[in-house]
Amino acid sequence: MNEKKGTFVVLASGRGSNFQAILDQVNAGNIPASCCALITDNPDAYAIERAGAAGIPVQVVAFRSFPDKGSYESALISAIDLYNPDLVVLAGYMRILGNAIVSRYAGRMINIHPSLLPAFPGLHAQEQAVRYGVKVAGCTVHFVTEDMDAGPVIIQRSVPVFAGDDGALLAERILHEEHIAFPEAIRLFFTGRLYIEGRIVGICDPDATPDLCGRHNGEELR
Ligand code: GRF
């Protein structure tokens, strides 16, 4: 099994609680990888303070400093490639990425979404769930593909939805599960336990199915 220590960058736009949960698991020795940078599109993101406290370099690539989406994304690619990471982690990164960037990191870019996809993609997923009246909600960690919130699913965790919930209450309940699911998905990635076949993500057993471990449609995942 491939247990070499890897590297990842985190892209976050806001408070960065998922970023923090990931760092905590890295620091606890549960993820055999290190975070080489936080990249944000928001100069006021609280995630920047968290990176500072953890001694992690920050790059601000602010959308409004660029004339169009194309030049913004080129700058974003340069910012990521500077660190040559094994994995790109979107942890509350609030911009939809174009195909150039998504295809560049195919099979090594993951995102967390606060719903049980394919239900409730897009913004305000928790509020969408409450309004729809579902009784179970949750979060999804998935590989990023060109279609928003539609890539191969790595992990999902569910929570109940109670009568009287509003979007904020449900978001808090889901967030607790996000903080478990996201570090776990990253741990599986870096311990070579994931494989992708089409849109199915499997978790391999290094003893029973070693040939599958760390493969992306037959090729090495990282
Ligand atoms: C999370 O709910 C995540 O699922 C969504 O954005 C939120 C980010 O929260 N994509 P945080 O910045 O990690 O606290």
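Each value, and the rule that gives it
Residues numbered from 1 in each chain as written. Predicted model: local features only at pLDDT ≥ 70, side-chain atom pairs only at ≥ 80, totals over all residues. Heavy atoms only, no water. Salt bridge = Lys/Arg side-chain N within 4 Å of Asp/Glu carboxyl O. Buried < 20%, exposed > 50% of the residue type's maximum accessible area, 1.4 Å probe, protein only. Axes fitted to C-alpha atoms, helices over the stretch in contact; angles between N-to-C directions. Helix = DSSP H or I, 4+ residues; strand = E, 2+ residues; numbered from the N terminus. Left-handed = near helix turned anticlockwise from the far one by under 90°. Contact = heavy atoms within 4.5 Å. Nonpolar A, V, L, I, M, F, W, Y, C, P; charged D, E, K, R; others polar. Pairing = 2+ DSSP bridges. Near = heavy atom within 4 Å. Polar contact = N/O pair within 3.5 Å; in protein donor to acceptor, adjacent residues only side chain to side chain. Areas by Shrake-Rupley, 256 points an atom, 1.4 Å probe, with all protein chains shown as cover. 1 Å grid on protein atoms, 1.4 Å probe; cavity = no way out; pocket = protein on both sides within 12 Å on 5 of 7 lines; lining within 4 Å. Sits in = over half its atoms within 2 Å of the grid points. Points joined across faces, edges and corners; volume = space filled by probe spheres on them.

J.: Any chance you could break down the pattern of salt bridges for me, citing the residues and the numbers?
T.: Pairing between side chains becomes possible if they bear opposite charge and their charged atoms approach one another. For the structure shown, the criterion picks out 7 salt bridges. Between D165 and R173 there is a salt bridge whose closest N-O contact spans 2.7 Å. Assessed through its relative accessible area of 12%, D165 is described here as buried. Overall, R173 belongs to the partly exposed group, its relative accessible area being 22%.

J.: Which residues make up the packing of helix α5 (residues 125-132) against helix α6 (residues 167-190), and what are the values?
T.: It is the contact of α5 with α6, at a shortest axis distance of 8 Å, that shows an interaxial angle of 120°. The two elements α5 and α6 cross, and the hand of that crossing is right-handed. Packed against α5, whose contacting residues are Q126, E127, A129 and V130, the element α6 presents G167, L170, A171 and I174 at the interface. Taken together, the residues that form the contact of α5 with α6 break down as 5 nonpolar, 2 polar and 1 charged.

J.: Break down the sheet that holds strand β3 (residues 58-60) for me, with residues and values.
T.: The strand order β3-β2-β1-β4-β5-β6-β7 describes an open sheet built from 7 strands, whose pairing is mixed. Either end of the sheet is taken by a strand with one partner, and the two such strands are β3 and β7 (153-160). Taking the axes of each pair of neighbouring strands and ignoring which way they run, one obtains an average angle of 20° across the sheet. Of the pairings in the sheet, the one linking strand β5 (residues 109-113) to strand β6 (residues 136-143) comprises 4 bridges and is antiparallel in character. Within β6, the residue paired with I110 across the bridge is F143. Each of β2 (33-40) and β3 touches helix α2 (residues 47-54); the most contacted strand, β2, lies at about 145° to it.

J.: Break down the site of the ligand for me, citing the residues and quoting the values.
T.: Every residue lining the ligand is accounted for by R15, G16, S17, N18, G92, I112, H113, P114 and E178. Within the backbone of G16, a nitrogen or oxygen atom sits 2.8 Å from an oxygen atom of the ligand. At a separation of 2.8 Å, an oxygen atom of the ligand approaches a polar side-chain atom of E178. Relative to its unbound accessible surface of 360 Å², the ligand loses 87% to contact with the protein. In this structure the site holding the ligand corresponds to the largest pocket. Here the shell around the ligand is composed, by residue class, of 2 nonpolar, 5 polar and 2 charged.

J.: Tell me about the environment of Y46, and please be specific about residues and values.
T.: Its place among the elements puts Y46 in the loop between β2 and α2. Assessed through its relative accessible area of 46%, Y46 is described here as partly exposed. Taking C-alpha positions, Y46 is 9.4 Å from A12, a pair spaced 34 residues apart along the chain. Residues in contact with Y46, not counting those within four places in the same chain, are G14 and R15.

J.: Give me the lowdown on unusual backbone geometry, citing residues and values where you can.
T.: Between L117 and the following residue, P118, the backbone shows a cis peptide bond with an omega angle of 15°. Within the secondary structure layout, P118 lies in the loop between β5 and α5. Notably, N84 is not glycine yet its phi reads approximately 45°, a positive angle. As for its position among the elements, N84 is in the loop between α3 (69-81) and β4 (87-90). Positive phi, close to 55°, is recorded for F120, a residue that is not glycine. With respect to the helices, strands and loops of the structure, F120 is situated in the loop between β5 and α5. On the basis of relative accessible area, F120 is assigned to the buried category, the value being 15%.

J.: Which residues make up the side chain of S115, and what values do they have?
T.: Within the secondary structure layout, S115 lies in the loop between β5 and α5. Polar side-chain contacts of S115 include one of 3.3 Å to the backbone oxygen of F120. For S115, the residues in contact, after removing those within four places along its chain, are F120, A125, G138, C139 and T140.

J.: I'd like a description of the layout of surface pockets, backed by residues and values.
T.: Its volume calculated, the largest pocket comes out at about 870 Å³. In this structure, the largest pocket is lined by 36 residues; those nearest its centre are G92, Y93, M94, I112 and P114. Where the lining of the largest pocket is concerned, the elements lending two or more residues are α1 (17-27), β5, α5 and α6. Here the residues of the lining of the largest pocket are counted per class, giving 16 nonpolar, 13 polar and 7 charged.

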